[in-house]
Amino acid sequence: MSEFPAELRYAPSHEWARVEDEGVVAVGISDHAQDALGDVVYVELPEVGQDVEAGEEAAVVESVKAASDIYAPVSGTIVAVNTLLEDAPETVNQDPYGDGWFFRIQSRDDAELDALLDAQTYAEHCESESP
Amino acid sequence: MGNRTPLFDAHRAAGAKIVDFGGWDMPLHYGSQLEEHHAVRRDAGVFDVSHMTVIDVSGPAAVSFLRHCLANDVARLDEKGRALYAVLLNASAGIVDDLIVYRRNGDFRLVVNAGTREAVLANINSHAAAFDVSVVHRGELAMLAVQGPGAVERVVGICGLTGIDALAPFSMLERDDWMIARTGYTGEDGVELILPDDAIAGVWSDLLAAGVAPAGLAARDTLRLEAGLNLYGQDMDAKTHPLEANLGWTIAWRPETRDFVGREALTAIREAGSRWKLTGVVLEGRGIMRHGYRVITEAGEGTVTSGIFSPTLGYSVALARVPRAAAGACEVEIRGKHWSARLVRPPFVRHGVRVHK
């Protein structure tokens with residue numbers, strides 16, 4: 001079964017967001033998402049310094065099966081990207097909430113975080129999407 | 001619920017993710033399609049291919065009937081136990097299906113795709129009326145593909161059948177109601193077993209107990225594409241002809257007196273020159289080519305028909321339909337960006353190692 005850590009917020013498009021110091025938000029994809037994608041073989045990351053809007057495409061994850069866009073869950077500036085994924089994209093499968101993070105955003109608007117789903121609501125959302 | 005093979009419960013027990021495949025509930029993978037792919041390249045994997053269609057053709061006119069239906073010539077099968085890859089064409093030379101035909105004792109067995117069953121049966125039955133033949137769909141038979149460098153050894157160990165390891169590629173032997181053929185769809189050594197429905201579960205569990213990895217449709221797709229083998233419905237269909245599907249080698253033009261279905265149309269296409277060809281593409285960057293992506297060459301634009309991340313090579317390879325004169329460097333458009341790529345002759349991988357230039 002997929003894990004849904006309670007300390008994270010989630011977008012319906014399956015990204016997670018973790019609030020770190022000083023309004024920095026780490027972003028990755030959920031355990032449910034990595035499981036649905038299957039073996040991840042390539043990750044296209046944004047540029048550090050790039051501005052993103054909430055809901056905008058910020059990265060691409062390619063599994064053997066398909067390519068999927070990763071959307072920024074909040075608006076702000078990209079302050080870090082996980083270059084580990086360039087050489088070890090399978091980390092997304094192995095540790096989706098830890099070493100498999102994609103990028104960090106300096107968030108502009110705290111209210112956008114509140115609009116994301118909590119773990120339980122997101123888990124129900126995943127359940128409702130299952131065939 | 002779709003059609004199910006006799007192994008459906010065994011797939012579930014092995015942890016399969018089940019998907020609909022042409023009306024069949026089939027295993028996509030059993031956890032990791034990459035591991036299944038590598039198992040086949042390095043040792044041995046087993047695929048349940050019981051959804052495929054087995055058709056037996058018998059009767060006094062079986063040879064002349066198949067020489068009429070198929071673009072390849074069954075007269076090339078000079079003794080029983082030999083097999084031939086062939087395409088079945090419609091009158092305008094469109095590909096109805098690709099298949100393997102096996103010569104048995106006086107009759108023939110065709111193994112065709114699952115998704116084309118109705119079209120193939122309708123096609124060959126429409127020609128059968130003029131011949132003294134019997135065409136029988138053998139729905140009660142199941143089929144396993146055991147593939148990889150360690151496959152034959154495992155099958156011999158389980159079945160105790162002598163002669164399997166001495167089988168030449170594209171040949172088969174029969175014992176009672178089993179057929180064991182040295183054929184496959186992976187570019188590796190291996191066998192395909194056609195056996196009664198009620199015998200398959202025991203063979204499956206014996207193979208797994210012997211360390212053969214269960215492998216699903218996802219690994220089957222990456223293996224066949226690395227091997228440069230077409231997938232019907234994706235790389236070719238009833239709107240494409242063999243000369244634009246990299247299948248010119250399967251057309252037996254001689255003897256010129258053999259009037260096979262589609263010959264007249266295909267001859268006209270050959271004389272005018274095919275506009276397209278199907279060839280391989282290798283991507284030099286780190287993106288992945290997918291079905292439908294644009295290919296830009298100096299001779300004009302084409303389209304990716306099948307594209308994958310190649311687990312063996314570590315980069316993306318594809319089949320693409322491009323203008324016939326296209327060669328060498330090209331570009332592939334991936335999400336709006338153009339990436340450098342090269343047109344190459346398939347296959348990409350054979351017996352576990354890179355073979356493309």
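In the block above lies the structure referred to throughout.
What you see is a predicted model, and the numbers here were worked out from it, not measured in a lab.

Draft legend 1. Broad picture of a negative patch on the surface. Residue and element names in this part refer to chain B. Where like charges cluster on the molecular surface, the negative patch consists of Asp176, Asp177, Asp197 and Asp198. Here Asp176 lies in the loop between strand E10 (172-175) and strand E11 (178-181). Relative accessible area serves as the criterion here: at 80%, Asp176 is assigned to the exposed category.

Draft legend 2. Just the interface of chain B and chain A, in detail. Counting residues at the interface gives 14 residues for chain B and 15 residues for chain A. Carbon and sulfur atoms supply 47% of the area buried between chain B and chain A, which totals about 1,300 Å² over both sides. Connecting chain B to chain A are 4 salt bridges. A salt bridge links Glu62 of chain A to Arg335 of chain B; its shortest N-O distance comes to 3.1 Å. For the pair chain B and chain A, the interface holds 12 residue pairs in polar contact (both at pLDDT 80 or more). Those elements giving two or more residues to the side of chain B that touches chain A turn out to be helix H2 (33-42) and strand E19 (337-344) of chain B. In terms of residue class, the side of chain B that touches chain A is made up of 5 nonpolar, 4 polar and 5 charged.

Draft legend 3. Inspection of the environment of Tyr97 of chain A at higher detail. Residue and element names in this part refer to chain A. Along the chain, Tyr97 falls in the loop between helix H3 (91-94) and strand E9 (103-107). For Tyr97, a relative accessible area of 10% corresponds to the buried category. Sequence spacing of Tyr97 and Trp16 is 81 residues, and the spatial spacing of their C-alpha atoms is 8.0 Å. In contact with Tyr97, other than residues within four places in its own chain, are Glu3, Phe4, Pro5, Leu8, Tyr10, Trp16, Arg18, Ser30 and Asp31.

Draft legend 4. A look at the pairing of strand E6 (residues 95-103) of chain B. Residue and element names in this part refer to chain B. Of all 9 residues that make up E6, 8 are buried, and the element is covered over most of its length. Pairing analysis gives 7 bridges linking strand E5 (residues 83-89) to E6, with the strands arranged antiparallel. Looking across to E6, one finds that Ala86 is bridged to Leu99. Strand direction decides the pairing type here: E6 and strand E7 (residues 108-112), joined by 5 bridges, are antiparallel. Directly across from Tyr102, in E7, lies its bridge partner Arg109. Linking E6 back to E7 in an antiparallel pair, the connection comprises 4 residues, with Gly106 at a positive phi of about 80 degrees.

Draft legend 5. Structural detail: the sheet that holds strand E12 (residues 190-196) of chain B. All names here are of chain B. The strand order E10-E11-E12-E9-E3-E13 describes an open sheet built from 6 strands, whose pairing is mixed. For this open sheet the edge positions go to E10 and strand E13 (213-214), each flanked by a neighbour on one side alone. For strand E3 (residues 45-48) and strand E9 (residues 141-147), the ladder comprises 4 bridges, and the chain directions are antiparallel. Its bridge partner being in E9, Gly45 is matched across the sheet by Gln147.

Draft legend 6. How the structure looks around the nonpolar core. Core analysis: the largest hydrophobic core is formed by 33 residues, its most contacted members being Leu89, Ile95 and Tyr102 of chain B. Elements with a contribution of two residues or more to this core: E5, E6, E9, E11 and helix H7 (217-226) of chain B. At 4 residues, E5 of chain B tops the list of elements feeding residues into this core. In contact with Ile95 of chain B, not counting residues within four places along its chain, are Val87, Leu88, Leu89, Tyr232, Met236, Asp237, Ala238, Thr240, His241, Pro242, Ala245 and Leu247 of chain B. Counting 26 residues, the second-largest nonpolar core is a separate cluster that includes Ile29, Val40, Ala72 and Val74 of chain A.

Scoring rules and cut-offs
Sequence order sets the numbering: in each chain, residues are counted from 1 along the sequence as written. The lettering of chains begins at A and the numbering of ligands begins at 1, in the order of writing. The model is predicted, so local features are restricted to residues of pLDDT at least 70 and side-chain atom pairs to those at 80 or more, both for listing and for counting; the totals for chains, interfaces and linings are taken over all residues. Hydrogen atoms and water are omitted, and side-chain values are computed over all heavy atoms in the structure. Note that patches include only residues with greater than 30% relative accessible area and no salt bridge, and the join distances are 9 Å for like charges and 5 Å for nonpolar side chains (Val, Leu, Ile, Met, Phe, Trp, Tyr). Computed with the Shrake-Rupley method and a 1.4 Å probe, the accessible areas treat only the protein chains shown as cover for residues. Salt bridge, as used here, is a side-chain nitrogen of Lys or Arg placed within 4 Å of a carboxyl oxygen of Asp or Glu. Charge counting treats Lys and Arg as positive and Asp and Glu as negative, with His and both chain ends excluded. Charge positions are represented by NZ for Lys, CZ for Arg, CG for Asp and CD for Glu. By definition, any uninterrupted DSSP run of H or I lasting at least four residues is a helix, any uninterrupted run of E lasting at least two residues is a strand, and each is numbered from the N terminus. Note on classification: 1.4 Å probe, protein chains only; a residue is buried when its accessible area is under 20% of the maximum for its type, exposed when over 50%, partly exposed between these limits. Any pair of residues with heavy atoms lying within 4.5 Å of one another is described as a contacting pair. Buried area counts how much accessible surface, traced with a 1.4 Å probe, disappears from two parts once they are put together, with both parts' losses summed. We call two N or O atoms a polar contact when they sit within 3.5 Å, provided that within protein one can donate a hydrogen and the other can accept it, with sequence-adjacent residues counted only if both atoms are side-chain atoms. Ten residues, namely Ala, Val, Leu, Ile, Met, Phe, Trp, Tyr, Cys and Pro, are considered nonpolar, four, namely Asp, Glu, Lys and Arg, are considered charged, and the remaining ones, Gly among them, are considered polar. Two strands qualify as a pair provided DSSP detects at least 2 bridges between them. We define a nonpolar core as any set of buried Ala, Val, Leu, Ile, Met, Phe, Trp, Tyr and Cys residues linked to one another through side-chain atoms lying within 4.5 Å.

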